[in-house]
Amino acid sequence: MGERLTGRSNRRQFLAAAGGAALALTVRPASATPAAMTLAIRKVAGESEIKPGKVKIDMPPLVENGNAVTMTVSVDSPMTAADHVKSIHVFTERNPQPNVIDVSLGPRAGRASITTRIRLADTQKITAIAQLSDGSFWSDSIEVIITLGACLEDNLI
Amino acid sequence: MNPRALRLRPALILAIASAAAFAVALARAEIPLEQRRSSYADMSRDNKAMQDDDTSNPGMLSVLDGEALWSEKAGAANRACADCHGDAKSGMKGVAARHPAFDARLGRPVNLDQRINICRSERQQAAPFALESKDMLAMSAFVAHQSRGEPIAPPDDPRLAPHREAGRAQYNARQGQLNLSCGQCHDDNWGKSLAGNTVPQAHPTGYPIYRLEWQSLGSLQRRLRNCMIGMRAETYPYGALEYVNMELYLMWRARGMKLETPGVRP
Amino acid sequence: MARTLINVPAKAKRGEIIAIKTLISHTMETGFRHTNLGVRIPRDIIDTLICTYNGEEIFRTRLHPAIAANPFVTFHTVATESGTIGFRWTGDKGFSATASAKITVE
């Protein structure tokens, strides 16, 4: 409850607790969009085909506070010199900016799995893509419902 | 009216509607001792893990800051806390669990932050930490962390009794534009969902807490202030006796429960 | 100086895959927020974390404003030899912090 006000015109009006963490109904220009996310993904993958599979995003489907959401991204790979994951990239649809994290790794990682905590401004789709050593791209996407968005664009400090 | 108040307006209308539908129970009863639980129990698996794993708990960064301050010489006396108190592990164990405590010289109860500041100004002859500042919270987190796992043990001091009663009265009084009392939410409706949040029993077991909402550490008084803003009730300056009285009552309500500092809360 | 917390197992078997956890204090100001007066608060984030194992880079990550305050990043590596695992965070406004942990591999 309390001190924070965030708002996006397209977000449902929501009240966290009586009088608490309330949304100011300010109209704000849309920031990232599904199109912006696609563009950001294409910047990484170029024209390559991105196949669903091998990548797994582990995140709770329902999150109470978008300020710090634990996310694990793993890729099914033997992580040998001949066959490994070169990079992992995570994107969101509705944060002010689509990029979340880019990771470079190699066979020395042993396991292609990273965990971090991310901000989610709103209920949205998250996509992770991985590039393997053979150049192929793989992906996973999930939808996460946020009851209280992150103050990425908070108007008050 | 400041801009913040203005911005709250539309929310307030929603708040009143929501609170009116919610606060139906009138009978007020203290929670039976065996039914009490920390709001840790209501947290998601990930948030529990964030609190449990020290390398993942951002509150531990402040505990480490406090540890550094503990042995830093300060003030005209050029003394460190450690110079007088030695190893905090033994010297400060259980101290957070018995605060607020009565300060005879001031003739009033003081909470842990205020107790630390008494040593800052009197023993170190240094400027007291500003309440809610990074250093204050770090020191407070470090001292309270020494009591992690210790049961809350309010002092059996008759001088505290009238203050605890004042705190209890305030906790049970309807206040603010929503005409709600703390107890209506925390005693009568705990465990229920309020617009997506589980209403906790409001036990002060984790303070100072790392609150995801704040993206930082904050004191119990900051948490109380948040609830009071939510109730559209009058808030007090940090350190006010009204807050300390409420802390006394909350600690008594939570007597025997184990401290978790630094707690993580949504 | 930013406060850091690192978790690397003190001991591991050769060839074992170990988990490394890192936590660092930083507000990760997004650059998308404004003050009451409508002034944009400049971006101030950690944008890079590089991890080395006896001097050789084994992991690198680029962080964006969507990473939560007090960045927490965990990843894995194969324990190859005894030595030092080093961490370096860099970011806006010349931000830089380092940490290291010793590991014994048997």
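Everything numeric in this text was worked out from a predicted model, so none of it was measured.

## Some thoughts on the overall build of chain C
Then step 1. Counting its regular elements, chain C contains zero helices and eight strands.
Then step 2. Of the regular secondary structure in chain C, the N- to C-terminal order runs β-β-β-β-β-β-β-β.
Then step 3. Principal-axis analysis of the C-alpha atoms gives chain C an extent of 60 × 20 × 20 Å.
Then step 4. Here chain C holds 106 residues, and the buried ones make up 58% of them.
Then step 5. Residue pairs at least 24 apart in sequence account for 58% of intrachain contacts in chain C once pairs closer than 6 positions are excluded.
Then step 6. Carbon and sulfur atoms provide 50% of the accessible area of chain C, an area that totals close to 4,600 Å².
Then step 7. Counting 13 positive and 9 negative side-chain charges, chain C places the averaged centre of each group 4 Å from the other.

## Observations concerning the pattern of salt bridges
Then step 1. Tallying each qualifying case throughout the model produces 19 salt bridges over all chains.
Then step 2. Put simply, C:Lys93 and C:Asp44 hold a salt bridge, and the shortest N to O gap is 3.9 Å. Note that C:Lys93 is positioned in the loop between β7 (83-91) and β8 (96-105) and C:Asp44 in the loop between β3 (17-24) and β4 (46-53), a separation of 49 residues in sequence.
Then step 3. For C:Asp44, a relative accessible area of 17% puts it in the buried group.
Then step 4. Because the salt bridges share partners, they merge into one network encompassing B:Glu30, B:Glu165 and B:Arg168.

## Comments concerning the confidence of the model for chain C
Detailed reading of predicted coordinates is not advised where the pLDDT is low.
Then step 1. Looking at chain C as a whole, the pLDDT averages 96, with 100% of positions reaching at least 70.
Then step 2. Both confidence scores are given for the complex: pTM 0.89, ipTM 0.95.

## Some words on empty space enclosed by the protein
All names here are of chain B.
Then step 1. Under the defined criterion, the tally for this structure stands at six cavities of 30 Å³ or more.
Then step 2. The volume enclosed by the largest cavity comes to roughly 300 Å³.
Then step 3. If you trace the largest cavity, you find 23 residues lining it, with Leu112, Asp113, Tyr207, Leu220 and Glu247 closest to the centre.
Then step 4. Mapped by element, the contributors of at least two residues to the lining of the largest cavity are α6 (112-123), α7 (134-145), α10 (220-230) and α11 (241-253).
Then step 5. Looking at which element gives the most residues to the lining of the largest cavity, the answer is α6, with three residues.

## Let's talk about the nonpolar core
Then step 1. The biggest cluster of nonpolar side chains holds 58 residues, and the ones touching the most others in it are A:Met59, A:Val85, A:Ile101, C:Ile85, C:Phe87, C:Trp89 and C:Ile103.
Then step 2. At five residues, β8(C) tops the list of elements feeding residues into this core.
Then step 3. Setting aside chain neighbours within four positions, we find C:Trp89 in contact with C:Thr4, C:Ile6, C:Thr22, C:Ile24, C:Ile46, C:Thr48, C:Leu49, C:Phe95, C:Ser96, C:Ala97, C:Thr98 and C:Ala99.

## Brief notes about helix α2 (residues 45-52) of chain B
Then step 1. Of the residues making up α2(B), those classed as buried are B:Asp46, B:Asn47, B:Met50 and B:Gln51. What you see down the axis of α2(B) is that its buried residues fit within an arc of 140°, all on one side.
Then step 2. Looking at the buried positions of α2(B), the neighbouring elements they touch are β4 (69-75) and β7 (113-118) of chain A together with β7 (264-265) of chain B.

## A closer look at unusual backbone geometry
Then step 1. With an omega of -10°, the peptide bond between B:Tyr207 and B:Pro208 qualifies as cis.
Then step 2. Assignment of secondary structure puts B:Pro208 in the loop between β4 (197-198) and β5 (209-211).
Then step 3. Of the consecutive residues B:Thr261 and B:Pro262, the connecting peptide bond is found in the cis state with omega at -5°.
Then step 4. Not every positive phi belongs to a glycine, and B:Ala202 is a case in point at roughly 70°.
Then step 5. Looking at the secondary structure, you find B:Ala202 in the loop between β4 and β5.
Then step 6. Notably, C:Lys93 is not glycine yet its phi reads approximately 55°, a positive angle.
Then step 7. Given a relative accessible area of 65%, C:Lys93 falls into the exposed group.

## Section: the interface of chain A and chain C
Then step 1. Taken together, the contacts link 32 residues of chain A with 34 residues of chain C.
Then step 2. Interface area, chain A with chain C, both sides summed: about 2,900 Å², of which 49% is carbon and sulfur.
Then step 3. For the interface between chain A and chain C, the tally reads one salt bridge.
Then step 4. For A:Arg108, the salt bridge is made with C:Glu56, and the minimal N-O distance between the two is 3.1 Å.
Then step 5. Seen at the junction of chain A and chain C, the total is 19 residue pairs in polar contact (both at pLDDT 80 or more).
Then step 6. Among the residues forming the side of chain A that touches chain C, the class breakdown is 14 nonpolar, 10 polar and eight charged.
Then step 7. In this structure, β7(A) lies alongside strand β6 (residues 72-78) of chain C, joined through two bridges in antiparallel fashion. In the sheet register, A:Thr115 faces β6(C), and the bridge partner there is C:Thr74.

## Details of the side chain of A:Ser113
Then step 1. Within the element layout of this structure, A:Ser113 appears in strand β7.
Then step 2. With relative accessibility at 10%, the residue A:Ser113 sits in the buried group.

## Quick look at the environment of A:Trp138
All names here are of chain A.
Then step 1. One can find Trp138 in strand β9 (residues 137-146).
Then step 2. Spatially, the C-alpha atoms of Trp138 and Ile88 are 9.5 Å apart, while their sequence positions differ by 50 residues.
Then step 3. With residues near it in sequence (within four places) discarded, Trp138 still touches Ile50, Lys51, Pro52, Gly53, Lys54, Val55, Ala128, Ile129, Ala130 and Leu132.

## Notes on the packing of α10(B) against α11(B)
All names here are of chain B.
Then step 1. Relative orientation of the contacting elements α10 and α11 amounts to 100°, with a least axis distance of 10 Å. Judged by the angle between their axes, α10 and α11 are roughly perpendicular. Of α11, the residues touching α10 (which contributes Leu220, Gln221, Leu224, Arg225 and Met228) are Tyr243, Val244, Met246, Glu247 and Leu250.
Then step 2. Among the residues making up the contact of α10 with α11, the classes are represented as seven nonpolar, one polar and two charged.

## A few points about the sheet that holds β7(A)
The strands making up a sheet are joined through hydrogen bonds of the backbone, oriented either antiparallel or parallel.
Then step 1. What the six strands build is an open sheet, ordered β2(A)-β4(A)-β7(A)-β6(C)-β3(C)-β1(C); its pairing is antiparallel. Across the chains shown, the open sheet's two edge strands, defined by having one partner strand only, are β2 (55-58) of chain A together with β1 (4-7) of chain C. Across this sheet, the average inter-strand angle for adjacent strands is 15°, counted without regard to direction.
Then step 2. In this sheet, β4(A) lies alongside β2(A) in antiparallel orientation, the contact comprising four bridges. By the bridge assignment for β4(A), A:Val55 is matched with A:Val75.

Thresholds, definitions, all that
- Sequence order as written defines residue numbering, which begins from 1 separately in each chain.
- All chains are assigned letters beginning with A, and all ligands numbers beginning with 1, in the order in which they are written.
- The model is predicted, so local features are restricted to residues of pLDDT at least 70 and side-chain atom pairs to those at 80 or more, both for listing and for counting; the totals for chains, interfaces and linings are taken over all residues.
- Excluding hydrogens and water, the side-chain figures rest on all heavy atoms present in the structure.
- Each helix is a run of DSSP H or I of at least 4 residues and each strand a run of E of at least 2, with the numbering of both proceeding from the N terminus.
- The buried label goes to any residue with under 20% of its type's maximum accessible area, the exposed label to any with over 50%, and the partly exposed label to all in between, with areas taken from a 1.4 Å probe on protein chains only.
- It only takes one pair of heavy atoms within 4.5 Å for two residues to be counted as in contact.
- Note on areas: Shrake-Rupley, 1.4 Å probe, and residue coverage restricted to the protein chains presented here.
- For the purpose of charge, His is not counted, nor are the chain termini; Lys and Arg are scored as positive and Asp and Glu as negative.
- Where a charge sits is defined by one atom per residue type, namely NZ (Lys), CZ (Arg), CG (Asp) or CD (Glu).
- Just to be clear on terms, a salt bridge is a Lys or Arg side-chain nitrogen sitting within 4 Å of an Asp or Glu carboxyl oxygen.
- Predictor confidence is given residue by residue as pLDDT, running from a minimum of 0 to a maximum of 100.
- Buried and open spaces are told apart on a 1 Å grid over the protein atoms alone, a cavity being a set of points where a 1.4 Å probe fits but cannot get out and a pocket being an open set with protein on both sides within 12 Å along at least five of seven lines. Residues with an atom within 4 Å of a point are the lining residues.
- Grid points are joined across faces, edges and corners, and a volume is the space filled by probe spheres set on the points.
- In this description, a nonpolar core means a group of buried Ala, Val, Leu, Ile, Met, Phe, Trp, Tyr and Cys residues linked to one another through side-chain atoms lying within 4.5 Å.
- Summarising the geometry, the arc corresponds to the directions from the helix axis toward the C-beta atoms.
- Buried area is understood as the total, over both parts, of accessible area removed when two parts are fitted together, assessed with a 1.4 Å probe.
- Pairing of N or O atoms within 3.5 Å defines a polar contact, subject to two protein rules: one partner must be a possible hydrogen donor and the other a possible acceptor, and residues neighboring in sequence count only if both atoms are side-chain atoms.
- Following the grouping adopted for this structure description, the nonpolar residues are Ala, Val, Leu, Ile, Met, Phe, Trp, Tyr, Cys and Pro, the charged ones are Asp, Glu, Lys and Arg, and the polar ones are all others, Gly among them.
- By definition, two strands form a pair when at least two bridges between them are found by DSSP.
- Note on definitions: angles span 0 to 180 degrees between N-to-C directions of axes, and those axes are lines fitted to C-alpha atoms, for helices only across the stretch in contact.
- An angle below 35 degrees is read as roughly parallel, one above 145 as roughly antiparallel, one from 65 to 115 as roughly perpendicular, and any other as oblique.

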